[in-house]
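What follows is each chain in one-letter form.
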Amino acid sequence: MLRYIIRRLLWVIVLLIIVSMVTFVIFYAFPSADPAVLRAGRSPSPALIAHIRHTLGLDQPIYVQYWRYLENIILHFNFGYSYQFSLPVTKLIFQRLPATISLTVGAVVVWLLVGLPVGMISAIRRRTVLDRATMTATLVAISAPVYWLGLMSLLLVSNDIGVVHIFDGAGTYTGLTADPGRWFGSLILPWLVLATAFAAFYARLLRSNLIETMSEDYIRTARAKGLPEREVILRHGVRSAITPIVTVLGIDIGTLLGGAVLTEYVFNIPGVGRLAYEGIINADLPVIQGTVLFGAFFIVIANLIVDVAYAFLDPRVRY
Amino acid sequence: MSVGAAESALVEPEAVESVELVGGEIVARSPWQMFWLRFRADRVAMVSAIFIVLLILVAVFAQPIVSLIGVTGPNQPNTGALNAFGQPTGPSAAHPFGVDELGRDILARTIYGAQVSLEVAFIATGAAVLIGVVIGTTAGYFRGWVDTVLARLMDVVLAFPILLLAIGLASACSLGHGCLGGLITPGRVTLIVVIALSSWPYIGRIVRGQTLSIREKEFVEAARSLGASNTRIIRREILPNLVAPIIVYASLVLPTNVLYEAALSFLGVGVQPPTASWGQMIASASSYTSAWWYMVFPGVALMLTVLAFNLVGDGLQDALNPKTGRP
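For clarity, every value in this text was computed on a predicted model and none was experimentally measured.

**Topic: the overall build of chain A**
- In terms of regular secondary structure, chain A is built from 14 helices and zero strands.
- Helices and strands in chain A line up, N terminus first, as α-α-α-α-α-α-α-α-α-α-α-α-α-α.
- For chain A, the C-alpha atoms occupy an extent of roughly 85 × 60 × 35 Å along the three principal directions.
- The 319 residues of chain A split such that 39% are buried.
- Put simply, 68% of the contacts in chain A that link residues at least 6 apart link residues at least 24 apart.

**With respect to the overall build of chain B**
- Check the secondary structure of chain B and you find 13 helices and zero strands.
- Counted from the first residue to the last, chain B has its helices and strands arranged as α-α-α-α-α-α-α-α-α-α-α-α-α.
- Looking at chain B residue by residue over its 327 residues, the buried ones come to 45%.
- Intrachain contacts of chain B at a sequence separation of at least 6 include 69% that bridge at least 24 residues.

**What to know about the interface of chain A and chain B**
- If you look at the interface, chain A gives 37 residues, while chain B gives 35 residues.
- Listing elements by their share of the side of chain A that touches chain B, those giving two or more residues are helix H1 (2–29), helix H6 (129–143), helix H7 (146–157), helix H12 (261–266), helix H13 (272–281) and helix H14 (285–313) of chain A.
- Per-element accounting of the side of chain A that touches chain B gives the leading share, seven residues, to H14(A).
- Its residues assigned to classes, the side of chain A that touches chain B shows 31 nonpolar, six polar and no charged.

**A closer look at the nonpolar core**
- Counting 162 residues, the largest nonpolar core has Tyr147(A), Ile167(B), Ile203(B) and Ile282(B) as the members making the most contacts within it.
- Contacts of Ile167(B), omitting those with residues within four sequence positions, involve Tyr277(A), Ile280(A), Leu264(B), Leu267(B) and Val269(B).

**Some points on the domain arrangement of chain B**
Residues and elements named next belong to chain B.
- Domain assignment breaks chain B into domain 1 (3–41) and domain 2 (43–320).
- Ranked by the residues each element gives to the side of domain 1 that touches domain 2, the list is headed by helix H3 (residues 31–41), at four residues.
- Class assignment for the residues of the side of domain 1 that touches domain 2 results in four nonpolar, no polar and three charged.

**Here we look at the packing of H13(A) against H14(A)**
Residue and element names in this part refer to chain A.
- Here H13 crosses H14 at 145 degrees, and the two axes come no closer than 8 Å. Handedness of the H13/H14 crossing: left-handed. In this structure, H13 uses Val272, Leu275, Ala276, Gly279 and Ile280 to contact H14, whose residues at the interface are Val287, Ile288, Thr291 and Phe294.

**Describing the domain arrangement of chain A**
All names here are of chain A.
- Assigned domains of chain A: these are domain 1 (2–76) and domain 2 (89–313).
- Distance between the C-alpha centres of domain 1 and domain 2: 32 Å.
- Taken together, the contact between domain 1 and domain 2 spans 15 residues of the former and 14 residues of the latter.
- Mapped by element, the contributors of at least two residues to the side of domain 1 that touches domain 2 are H1 and helix H2 (35–40).
- Taken together, the residues of the side of domain 1 that touches domain 2 sort by class into 11 nonpolar, three polar and one charged.

**Structural notes on the confidence of the model for chain A**
- Per-residue pLDDT for chain A averages 87, and the proportion of residues at 70 or more is 97%.
- At the low end of the mean pLDDT range in chain A sits H2(A), at 71; at the high end sits helix H5 (residues 89–124) of chain A, at 94.

**As for the environment of Ile301(A)**
- Looking at where Ile301(A) falls in the secondary structure, it is placed in helix H14.
- Between the alpha carbons of Ile301(A) and Leu9(A) there is a distance of 8.6 Å; along the sequence they are 292 residues apart.

**Observations regarding the packing of helix H9 (residues 188–214) of chain B against helix H11 (residues 230–266) of chain B**
Residues and elements named next belong to chain B.
- Put simply, H9 and H11 touch, their axes get as near as 9 Å, and they point 155 degrees apart. The angle between the axes of H9 and H11 places the two elements in the roughly antiparallel class. By crossing handedness, the relation of H9 to H11 is classed as right-handed. For the pair formed by H9 and H11, the contact residues are Leu191, Ile195, Ser199, Tyr202, Ile203, Ile206, Val207, Gln210, Thr211 and Ile214 on the first element and Ile238, Asn241, Leu242, Pro245, Ile246, Tyr249, Ala250, Val253, Asn257, Tyr260, Glu261 and Leu264 on the second.
- Here the residues of the contact of H9 with H11 sort into 16 nonpolar, five polar and one charged.

**A word on H5(A)**
- If you check H5(A), its first and last C-alpha atoms are 50 Å apart, about what 36 residues at 1.5 Å a residue would give, namely 52 Å.
- Where H5(A) bends most, the angle comes to about 35 degrees, and this point is Leu97(A), followed within four residues by the proline Pro98(A).

**Describing unusual backbone geometry**
- If you check the backbone angles, Phe77(A) has positive phi at about 50 degrees while not being a glycine.
- Checked against the element boundaries, Phe77(A) lands in the loop between helix H4 (62–76) and H5.

**As for the confidence of the model for chain B**
Residues and elements named next belong to chain B.
- Here chain B averages 82 in pLDDT, and 86% of its residues register 70 or above.
- Within chain B, helix H6 (residues 106–142) carries the highest mean pLDDT (93), whereas helix H1 (residues 3–10) carries the lowest (38).
- Considering only residues more than four positions removed or in separate chains, one finds that residues 1–19, a stretch of pLDDT under 50, has 17 contacts.
- Reported for the predicted complex are a pTM of 0.86 and an ipTM of 0.86.

**Here's the deal with helix H10 (residues 229–241) of chain A**
Residue and element names in this part refer to chain A.
- Turning to H10, its buried residues are Val232, Ile233, Gly237, Val238 and Ala241. One side of H10 holds all its buried residues, which, seen down the axis, span an arc of 135 degrees. What points out from H10, more than 90 degrees from its buried face, is the exposed set Leu234, Arg235 and Arg239.
- Buried residues belonging to H10 abut H5, helix H8 (180–213) and helix H9 (217–224).

Scoring rules and cut-offs
- Residues numbered from 1 in each chain as written.
- Chains lettered and ligands numbered in written order.
- Predicted model: local features only at pLDDT ≥ 70, side-chain atom pairs only at ≥ 80, totals over all residues.
- Helix = DSSP H or I, 4+ residues; strand = E, 2+ residues; numbered from the N terminus.
- Buried ≥ 20, exposed ≤ 12 C-beta atoms within 10 Å, placed from the backbone.
- Contact = placed C-beta atoms within 7 Å.
- Nonpolar A, V, L, I, M, F, W, Y, C, P; charged D, E, K, R; others polar.
- Core = buried A, V, L, I, M, F, W, Y, C linked by C-beta atoms within 7 Å.
- Domains from an automatic or database assignment.
- Axes fitted to C-alpha atoms, helices over the stretch in contact; angles between N-to-C directions.
- Left-handed = near helix turned anticlockwise from the far one by under 90°.
- pLDDT = per-residue confidence, 0-100.
- Parallel < 35°, antiparallel > 145°, perpendicular 65-115°, else oblique.
- Expected span 1.5 Å × (residues − 1).
- Bend = angle between axes of the 7 residues up to and from the residue.
- Arc of directions from axis to C-beta.

Here it is, written out as structure tokens:
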């Protein structure tokens, strides 16, 4: 097991280096705009652009730039300085991280609280009208684009532009430590919107897993020995049907922590996803590099944790 | 007719095995006939499939349809349709879905939006399937270092925060003359390339896994002992057995790619204006909060399209793998 984890960790490092290299090449080879020109302000002289290009190190060959970049990360944990904010990228990311974590954690709570019971009831009441109705509803929820749901919810129930004024609208995000009440209020809509498709997906997943599990022999044994149906479903059925969901959950959380770009964009939440988007639009290479690497880091670490956790949850899995 | 009896016989586990392998061991009907029988019985999936066919027809014949309805063209600004304050006006006899901020007809733009959506999603998914199948079968069949390299390649692609990479690539390629020396032109081509490049590993992984198990089967050994070449074994023995899983996974990737195109267009890195695209319409609608029709119609069109693809995908899955059972 330990050997397996060490091998995986080494691969994580290699993977991140490859990701950083590919990102570097992509954004170096086809930048969306010339960073030097963007920094130079209005109607700059060619000499000024050349000077800025030189100070940013953009006149060096690509491998020199990449090597310098990698060196700074490994030796100083320095991901460079943002062109647009003139701040260290690490600082920017850590500034934005609380918003992304708040969004992710709340949405996870919502979708588990909604998705799992719905999936369970649907599986137990299989083939009933209730089951059919919820399964159709979940498919509709999965098919709705998250940004459209977000905008529609703002149009319908937000305090500023909504038809009915119920929830705080876009751009009202406040830090948890600054004002817990406003933090909660500003995040209710984003949580619900982000959680919708996930809740639907988890309900479907748990339903199909549970239906499969409930046809296993040990469920029949559990029933035969006289356990109440409730116990059979919860202790024997759900417990085993939920294992694959842990896998999916880990990966989803990892992906979202790297930035829920669309939700953060629609609700104007200052998270990592928005930072990345701003970086891309403004050709802020260090920010793009940093956020992509950071997102990849969460994805691969989540994968690793999930694989290790799997061995604990499912005794049949051995590495 | 004995269709009912034949179908219930399919539920027998033994029969199911041979259906799943699309091997043609059942005498009476070809696997495709049985697939069609099951799919046809699935009313929801059939309705969705008909919806998609109609949508394709609408997209292809957008121009005659728009002129038949009698609304103005998708890119025809009309300040006369705006109200006294220069704001978009809602549904009326002349414009059933209302108009946008330039007075362009939203019904016409929604109809034309189907073109971009379907074209990008179908071509990108097709390309992803092609890449995924080639790489997946190669990795699974040859194993060894080839497999290691290709499987690692898929790991790398899957490790990327895909949406970020796509926004970056798309925004880079949607400026001026595109990127890679003009090879990838802005707009649809960029979208297709970006989406195909990021969705092939999902197909590739499945194909690789299936190939790994199929290559150990006796009929592959038989073909090899008869002296069949590797290419022939892959094409004649392995690929036919992959058709069912490929169709199922392609049908799962397709609606995701419809959403993907719309998301990129929504973020402003998709097709170039004035071409109509649902995602881009939703984005512009967000600045006109009193014009509900501007936001609702393209959004509903997008949602219905994705929903129809999802329902067909579900139906295909059930029809191809009867083991999963009907809901």
